[in-house]
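Residue-level structural notes
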Amino acid sequence: EQYEGGNLTAHDTLQMLDFLVQRVYDSTGHHAQTPYACEVSGLAKLDCHSSNGNTTATGPLGTHTPIRSVNLAGLFVPAVWATGGTELSLEQAMAWYGPNDFEQMKKLGLNAVQITVPTAAFTRVSEEGEKLHQALTQLLTTGPIQAGLQTILVLQSTGDEVDAVVAAAKYCKEHHKQVLGLTLPNNMNVDTNALIAAIRVQAPTVPLFVPLNEGDLTTVNGEFD
């Protein structure tokens, strides 16, 4: 906001961002002993009580297992900064990351990847959507899972597509062995509680992630009040 208002230069903005990230990292316990001391579960954590009110819901990977993931940018949604300056075709996307890449991710301590996918891949009402659906399914069964990595699907919506989001959640349920959870779109003008209620009819147990402040992820495993 300050940058867009002309109050900060690009250089000053980057310096400020670096300062804030470094302060968060330095304030995290045990950061000197492990590079993974500061990660999703430490920065954004929401404890939700179960329906009986006696226990606290666990995370998708278990009680004390943090999610350590990386974005596979540019596969199904263009991200030219990550793909050599050009948009990938579906054929190129399927070969962009290979078995060695996923093995290296696993060796670095990652346990998941995030893939941004248009909702068209789940409605399948167009030829493009059907091709996306087939490509995603092939990637899930032959890609990250072979190295022991699970996948978080990050939905990209073009509008208030409740039915499409519900279809995506149902897809995650059907592919639960490969899919860790679903990140809801951040550009829908829909009540979050109503959206999650609609999802739970078709996918009662699929872990959901709700984007807050255009990027922060908070796990939602319990009921909303």
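The structure reproduced in this document is the subject of the present report. (Residues numbered from 1 in each chain as written. Predicted model: local features only at pLDDT ≥ 70, side-chain atom pairs only at ≥ 80, totals over all residues. Heavy atoms only, no water.)

**Thoughts on the pairing of strand S3 (residues 150-156)**
- Where burial is concerned, most of S3 is hidden: 5 out of the 7 residues are buried.
- Here strand S2 (residues 112-118) pairs with S3 via 7 bridges, running parallel. If you follow Ala-112 over to S3, its bridge partner there is Gln-150.
- Two strands pair when backbone bridges link them, and S3 and strand S4 (residues 179-183) are joined in this way by 4 bridges, in the parallel orientation. Of the residues in S4, the one forming a bridge with Leu-153 is Leu-182. (Buried < 20%, exposed > 50% of the residue type's maximum accessible area, 1.4 Å probe, protein only. Helix = DSSP H or I, 4+ residues; strand = E, 2+ residues; numbered from the N terminus. Pairing = 2+ DSSP bridges.)

**A word on the packing of aromatic side chains**
- Inspection of every chain in the model, using the stated rule, returns 2 aromatic pairs.
- Between Tyr-97 and Phe-102, the ring centres sit 6.3 Å apart and the planes meet at 35 degrees, which makes this aromatic pair tilted. A single burial state applies to Tyr-97 and to Phe-102, both of which are buried.
- Taken together, a centroid distance of 5.2 Å and an interplanar angle of 65 degrees make the contact between Phe-122 and Tyr-171 edge-to-face. One end of the pair, Phe-122, is in helix H5 (residues 120-123); the other, Tyr-171, is in helix H7 (residues 162-174), with 49 residues separating them in the sequence.
- Residue class for Phe-122 comes out buried when judged on its relative accessible area of 8%. (Phe/Tyr/Trp six-rings, centres within 6.5 Å; stacked < 30°, edge-to-face > 60°.)

Everything listed here is a matter of coordinates, which is why it stays silent on function.
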